[in-house]
Amino acid sequence: MKTQRIPTSQAAPGMIVADDVYTFNNQLIISAGTSLTDKMITRLKFYSIKNVLISLAENSNGISPAPFIRETYSEQVKNTIEFKQFNENLVNTSEQFKSKLNDIIVDQSKEIDTDELLNDVGNVLNNVRNGIHMFDMLHCMREYDDETYVHSVNVALICNILGRWLHFTRKDLDTVTLCGLLHDVGKILTPKELISKPGVLSAEEYETVKLHTLKGYNVLREKHLNIHIQMAAMMHHERCDGSGYPMGIKSDQIDQMAKVVMIADVYDAMTSARVYRGPLCPFEVIHVFQSEGLIKFDPKYIMTFLDHVNSTYLGYRVRLNDQRKGTIIMMDRNNMSRPVIECGNQYIDLSKENDLFIEAIL
């Protein structure tokens, strides 16, 4: 019997599972020979099962599963020279950043060369035409599990682009880029087994992880750095409604640069793969931002971010939760996560279809 391993995102009802599927802790969730249903596919995604072995024999409906076809848009981007250069520069910059930070942790008397760090980030940005182009590049890397260093470089890039959209001066752009790059330095001093734990943290473990904000601030306050960089390390998990940590302060008490880092940090963390889940669809993140953003984030910053990021998706191919594929043809500023989709000869206004949502960007 022929089999084929496909991404979970390509699984469809009626396909036959060719091998037992287990969770990360060896719990059997689907047995070999089972015909997939929508509920089972949801279970695979819930447990972050990234791929599944499918039988190519005819399934229970007498229909052979369609061969796996790579997502055309992402493949087009990945095959460009620009993306390959971007990917190489991002990986190299992350490795260099890791080495430099570890040196600073080992020798705490060592200063941080901010010009050198900005030059490293600049090497990645040099191959990016504009903000939309950069998000195209980042979206094609979301299948990888980002470590702290890659995440930090990503956040620096997003902070830089958001700073441009906010018309920051050259000096402020450099500052906010460094804020993004150094915001998670405290995680280096946090037990690695907690940072990479593939399950839910206990209350005690979560309190330990939350200390990375204060640890990062304590490292940076000993250096000759712009005060905004130090504040961003401590405040990037604060929220404007006072629901954040470590101090639970509100909007007028939060550093302005930290408010930019908050948005970049959340967007990158949610749209990137993690050990405990795959990357979330950006439209899920947009929904969260729009439903909570004006309370938890600075309204000017979050609306500028959403307006620009949302415009990048116009014309994108997407897959809906009922597995239909279509093209985004119209965005609604008042309901950014639910645009109008053209599916063949049909136009679907997601703002009026409560049971439908965008499952993935193709």
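Just above, that's the structure.
All residue numbers here refer to positions counted from 1 along the written sequence of the relevant chain. This being a predicted model, a pLDDT of at least 70 is required before a residue's local features are given, and a value of 80 or more before pairs of side-chain atoms are given or counted; all residues contribute to the totals for chains, interfaces and linings. Heavy atoms from the whole structure form the basis of all side-chain values; hydrogens and water molecules are not counted.

Novice: Looking at this structure, how should I read a nonpolar patch on the surface?
Specialist: A patch consists of residues whose relative accessible area exceeds 30% and which take part in no salt bridge; residues with like charges are grouped when within 9 Å of each other, and nonpolar side chains (Val, Leu, Ile, Met, Phe, Trp, Tyr) when within 5 Å. Surface accessibility follows the Shrake-Rupley procedure with a 1.4 Å probe radius. Residue values consider only the protein chains on display as shielding. Here, a salt bridge means any side-chain nitrogen of Lys or Arg that lies within 4 Å of a carboxyl oxygen of Asp or Glu. Where nonpolar side chains cluster on the molecular surface, the patch consists of Ile329, Met330 and Tyr347 and spans about 310 Å² of accessible area. Put simply, DSSP marks the helices as runs of H or I at least four residues long and the strands as runs of E at least two long, and each gets a number from the N terminus on. Along the chain, Met330 falls in strand β6 (residues 325-330).

Novice: How do you make sense of the pattern of salt bridges when you look at a structure like this?
Specialist: Once the charged atoms of two side chains with opposite charge are near each other, the side chains can pair. Under the counting rule described, the total for this entry stands at 12 salt bridges. Of the charged contacts, one joins Lys110 and Asp103 as a salt bridge, the two residues approaching to 4.0 Å between their closest N and O atoms. Classification of Lys110 by relative accessible area gives partly exposed; the value is 39%. Because the salt bridges share partners, they merge into one network encompassing Lys100, Glu116 and Asp120. Whether a residue is buried, partly exposed or exposed follows from its accessible area with a 1.4 Å probe, protein chains only, as a fraction of its type maximum: under 20%, in between, or over 50%, in that order.

Novice: I'm lost on the side chain of Thr271 in this one. Help?
Specialist: Its location among the elements puts Thr271 in helix α12 (residues 256-271). In terms of polar contacts, Thr271 uses its side chain to reach the backbone carbonyl oxygen of Tyr267, at 2.7 Å. Polar contact is the term for a pair of N or O atoms within 3.5 Å; when the atoms are in protein, one must be able to donate a hydrogen and the other to accept it, and sequence-neighboring residues count only if both atoms are side-chain atoms.

Novice: Just checking my understanding: could you explain the packing of aromatic side chains for this structure?
Specialist: The description of two aromatic rings rests on the distance between their centres and on the angle between their planes. Ring geometry is summarised as follows: Phe, Tyr and Trp rings, the Trp one being its six-membered ring, pair when their centres sit within 6.5 Å, and such pairs are stacked at plane angles under 30 degrees, edge-to-face over 60 and tilted between the two. Taken as a whole and judged by the stated rule, the model has 5 aromatic pairs. Here Tyr206 and Tyr245 contribute two aromatic rings whose centre-to-centre distance is 6.3 Å and whose plane-to-plane angle is 80 degrees, an arrangement assigned as edge-to-face. Within this pair, whereas Tyr206 is found in helix α9 (residues 203-210), its partner Tyr245 is found in the loop between α11 (227-235) and α12, the two being separated by 39 residues in sequence. Between Phe289 and Phe297, the aromatic rings sit 5.3 Å apart at their centres with planes inclined by 80 degrees, giving edge-to-face as the arrangement. You'll find Phe289 and Phe297 in the same group, each marked buried. In textbook terms, an aromatic cluster arises when at least three aromatic residues are bridged by ring pairs, as seen for Tyr267, Phe289, Phe297 and Phe305. Any Lys NZ or Arg CZ that is within 6 Å of a ring centre and within 35 degrees of that ring's normal is treated as a charge sitting over the ring. When the ring centre of Tyr245 is taken as origin, the NZ or CZ atom of Lys210, which lies over that ring, is 5.2 Å away.

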